[in-house]
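# Examining the three-dimensional arrangement
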Amino acid sequence: MLELSRITAGYERRAPVVRDVSLSVAAGEAVGLLGPSGCGKSTLARVAALLHRPYSGTVVIDGSPAHGWRHRAPREQRTAFGVVFQQPRLSADPRMRLADLIAEPLRATGRREEAGGRVDELARRVGLSAELLRRRPHEVSDGQLQRACLARALVLRPRWLICDEMTAMLDASTTAALVAVVEEYREETGAGLLTVGHDRTLLGRWCDRTVRWEDLAGAAVTPTAD
Amino acid sequence: MAETVSGTARRAPRVPRPSVSGALVAAVVLVALLVPALVPLDEQAVDLGARLRPPSWSHPFGTDEVGRDLLLRCVYGLRVSLLVGVVAAFAATVVGTAVGALAGALGGWADRVVMRVVDLCSSVPHLLLGIFVVAMFRPGVWPVIVSVAFTHWLSTARIVRAEVLSLRSRPYIDAAVAGGSSRWRVTVRHLLPGVLPQAGLAAVLMVPHAIWHESALSFLGLGLPTHQASLGNMVQAARGSLLAGDWWPTLFPGLFIIVPTLAVAGLAATWRDRLNPRRRSEPTL
């Protein structure tokens with residue numbers, strides 16, 4: 001169970017983007033969060049993934065409350081989340097080859113020896129050829145890079161997946177392929193999913209339940225400029 | 001973009017393009033390293049019978065006011081200047097990168113404290129601070145190096161900090177945090193490699209600056225001992241003869257300061273382009 005309760009968060013204390021929002025995702029459930037751009041749904045997703053410290057409110061992950069965010073969160077709590085962002089270009093270190101990109105979380109958590117097999121397995125799953133794995137981010141397309149980013153999010157076998165507009169930059173067939181990979185992974189592991197987007201049709205088909213941003217209690221009514 | 005590059009062109013070996021600056025830098029370094037080893041002449045040898053001779057076959061750059069061969073002294077002076085320039089620039093870059101990365105990666109109050117210290121140091125004119133440092137030691141090469149390094153790490157620290165701050169908010173850093181990377185690993189694996197091109201470039205651009213600084217200190221009589229051949233010392237010593245119309249003791253050491261600095265700056269410009277990861281896989285001509 002992933003429970004966010006009464007979260008207030010943002011980038012300026014006097015004008016928080018997310019105000020007093022509560023949301024919970026049951027174990028194994030797929031929840032879609034629908035909202036117009038700039039409403040704060042990405043910020044909420046970052047709070048849920050322990051990447052952005054809220055001004056107030058609590059996050060409880062599988063029964064244990066989060067006490068710290070980013071590096072202050074214990075590693076087991078941080079790595080319980082696989083995160084995929086909207087823009088693959090910005091979420092990949094430009095110096096790393098795709099194979100290193102996918103293996104990086106394993107290396108960072110001291111499981112270097114698993115890297116080879118796991119990268120091959122995930123590459124097959126997301127549909128990246130061995131040749132593509134040797135390339136750097138600027139040598140592949142957005143879709144190919146997002147496949148690698150999804151593989152990276154899955155490499156530590158997270159219990160929760162947070163997809164922040166994962167498919168917004170992609171064409172229909174890549175979108176379908178990536179959603180299929182996520183669903184296959186969830187079927188195997190029973191991982192929960194919080195996916196954020198503004199495509200009603202996609203989220204409706206993908207998720208067990210979709211939540212509209214406006215319906216979350218206390219959500220900022222007026223979207224901010226950015 | 002990448003799709004238009006054919007598979008073979010992508011893996012074409014990167015052949016360094018020959019450039020004028022590269023050739024000049026290589027020549028300067030070779031001269032500085034080899035000439036003292038191969039030419040068994042003493043640059044300190046005084047010949048009072050041949051004072052202030054204009055350039056000739058036996059003395060291509062002429063002689064100074066005590067009859068020392070200027071070509072030989074220029075080469076020895078170049079050695080000193082290069083040593084000071086390279087070592088000081090390297091030291092300044094290491095310190096500046098460490099401080100800048102620390103401030104940028106930690107953020108918060110640590111960042112504020114460190115950057116105020118940098119501001120404090122920068123508020124004193126460099127030359128004044130440099131003079132203060134050399135004044136604390138006996139004249140020699142090392143005090144000059146320390147002085148130049150101590151006054152030049154500030155700009156690198158600023159550049160590196162700004163760059164780290166901009167990288168820190170990228171989603172790939174978020175991804176690394178979610179992937180379990182420690183603060184240290186994020187800094188070493190993602191932030192530092194991201195700023196190294198800038199830091200390296202700053203280091204190379206600092207070499208000419210350091211050479212100028214050394215020359216300025218020596219010109220003021222605060223750098224190296226006056227008998228030791230250094231480009232700054234030579235220009236300083238030549239002031240009197242220049243007013244008397246003897247141009248060569250000023251011109252040649254001056255050229256020896258200008259040419260390497262321009263060559264290094266030109267090389268830095270080429271290097272900046274090649275270090276950009278986007279250009280690594282571009283086909284080379």
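Residues numbered from 1 in each chain as written. Chains lettered and ligands numbered in written order. Predicted model: local features only at pLDDT ≥ 70, side-chain atom pairs only at ≥ 80, totals over all residues.

### Quick notes on the overall build of chain B
Here is the rule we go by: Strands here mean DSSP runs of E at least two residues long; helices mean DSSP runs of H or I at least four residues long; both are numbered from the N terminus. Residues with at least 20 other C-beta atoms within 10 Å of their own are called buried, those with 12 or fewer are called exposed, and the rest are partly exposed. The C-beta atoms themselves are positioned from the backbone. Contacts here follow a simple rule: the backbone-placed C-beta atoms of the two residues must lie within 7 Å.
Check the secondary structure of chain B and you find 12 helices and zero strands. Reading the secondary structure of chain B in the N-to-C direction produces α-α-α-α-α-α-α-α-α-α-α-α. By residue count, 40% of the 285 residues in chain B fall in the buried class. The contacts in chain B between residues at least 6 apart in sequence include a share of 69% that link residues at least 24 apart.

### Quick word on the pairing of strand β8 (residues 192–197) of chain A
Residue and element names in this part refer to chain A. Our working rule: Strand pairing is assigned whenever DSSP detects at least two bridges linking the two strands. Throughout, right-handed denotes a crossover for which the path from the first strand over the helix to the second runs clockwise when the strands point away from the viewer.
The buried count for β8 comes to six of six residues, which makes it a mostly enclosed element. Residues of β8 alternate between two faces, with Gly192, Leu194 and Val196 on one and Leu193, Thr195 and Gly197 on the opposite face, all of them buried. One ladder, built from five bridges, connects strand β3 (residues 30–34) with β8; its direction is parallel. Across the sheet, Leu34 pairs through a bridge with Gly197, a residue of β8. Bridge count for strand β7 (residues 160–164) against β8 is five bridges, and the pairing is parallel. By the bridge assignment for β8, Cys163 is matched with Thr195. For the crossover from β7 across helix α7 (residues 172–189) to β8, the handedness is right-handed.

### Observations concerning the nonpolar core
To keep it simple, the criterion reads: Under the definition applied here, buried Ala, Val, Leu, Ile, Met, Phe, Trp, Tyr and Cys residues are grouped into a nonpolar core through C-beta atoms within 7 Å. By convention here, the domain bounds are inherited from an automatic or database domain assignment.
With 135 residues, the main nonpolar core has Ala48 and Ile102 of chain A as its most contacted residues. In terms of residue count, the dominant contributor to this core is helix α3 (residues 70–106) of chain B (16 residues). Residues lining this core come from more than one domain, with at least three contributed by each of domain 1 (1–80 + 158–221) and domain 2 (89–157) of chain A. What Ile102 of chain A contacts, discounting residues up to four positions off in sequence, is Val119, Leu122, Ala148, Ala151, Arg152 and Val155 of chain A.

### Here's the deal with the environment of Ala153 of chain A
All names here are of chain A. Positionally, Ala153 belongs in helix α6 (residues 142–154). For Ala153, a count of 27 C-beta atoms within 10 Å puts it in the buried group. Discounting chain neighbours no more than four positions away, the residues touching Ala153 are Gly82, Val83, Val84, Pro158 and Leu161.

### Notes on the interface of chain A and chain B
Quoted interface sizes are often the accessible area lost when the parts come together. In this complex, chain A contributes 28 residues to the contact, which on the side of chain B involves 21 residues. With three residues, the top contributor of residues to the side of chain A that touches chain B is helix α3 (residues 98–108) of chain A.

### Brief notes about unusual backbone geometry
Residue and element names in this part refer to chain A. Backbone geometry places Asp20, a non-glycine residue, at a positive phi of 55 degrees. If you trace the backbone, Asp20 turns up in strand β2 (residues 18–25). Using a count of 16 C-beta atoms within 10 Å as the deciding quantity, one classes Asp20 as partly exposed. Despite not being glycine, Glu165 has its phi angle at roughly 50 degrees, a positive value. By secondary structure assignment, the location of Glu165 is in the loop between β7 and α7. In this structure Glu165 comes out as partly exposed when scored by C-beta crowding, with 19 C-beta atoms within 10 Å.

### Some thoughts on the confidence of the model for chain A
Just so we agree on the cut-off: Per-residue confidence from the prediction method is given by pLDDT, with values spanning 0 to 100.
Per-residue pLDDT for chain A averages 87, and the proportion of residues at 70 or more is 96%. A low-confidence stretch, residues 219–226 of chain A (pLDDT under 50), is modelled with 15 contacts involving residues beyond four sequence positions or located in other chains.

### Considerations on the domain arrangement of chain A
All names here are of chain A. Put simply, the rule is: Three classes are used: nonpolar for Ala, Val, Leu, Ile, Met, Phe, Trp, Tyr, Cys and Pro, charged for Asp, Glu, Lys and Arg, and polar for all others, with Gly counted as polar.
Each domain of chain A was delimited in the assignment, giving domain 1 (1–80 + 158–221) and domain 2 (89–157). Distance between the C-alpha centres of domain 1 and domain 2: 23 Å. Between domain 1 and domain 2, the residue contacts involve 13 residues of the former and 13 residues of the latter. Looking at the side of domain 1 that touches domain 2 residue by residue, the class counts come to eight nonpolar, three polar and two charged.

### Observations regarding the pairing of β3 of chain A
All names here are of chain A. Most of β3 sits inside the fold, with five of its five residues counted as buried. Along β3, one buried face is formed by Ala30, Gly32 and Leu34 and the opposite face, lined by Val31 and Leu33, is buried too. Relative to strand β9 (residues 209–212), β3 runs parallel, the two being bridged by four bridges. Following the sheet pairing, Val31 is matched in β9 by Arg209.

### A short note on the sheet that holds β8 of chain A
All names here are of chain A. This is how it is decided: Axes here mean lines fitted to C-alpha atoms, for a helix over just the part in contact, with angles spanning 0 to 180 degrees between N-to-C directions.
Taken in spatial order, the five strands of this open sheet run β6-β7-β8-β3-β9, and their pairing is parallel. Lying at the two open borders of the sheet, with one neighbouring strand each, are β6 (81–84) and β9. Going across the sheet, the axis of each strand differs from the next one's by a mean of 15 degrees, ignoring polarity. Where β6 meets β7, four bridges bridge the pair, whose relative direction is parallel. Of the residues in β7, the one forming a bridge with Phe81 is Trp160. The sheet strands contacting helix α1 (residues 41–48) are β3, β7 and β8, and the helix crosses β8 at an angle near 155 degrees.

### Observations regarding the environment of Arg158 of chain B
Residue and element names in this part refer to chain B. Looking at the element boundaries, Arg158 is found in helix α6 (residues 141–168). C-beta crowding within 10 Å serves as the criterion here: with 19 such atoms nearby, Arg158 is assigned to the partly exposed category. For the pair Arg158 and Met115, spaced 43 residues apart in sequence, the C-alpha to C-alpha distance is 8.0 Å. Setting aside residues no more than four positions away along its own chain, Arg158 makes contact with Gly100 and Val118.

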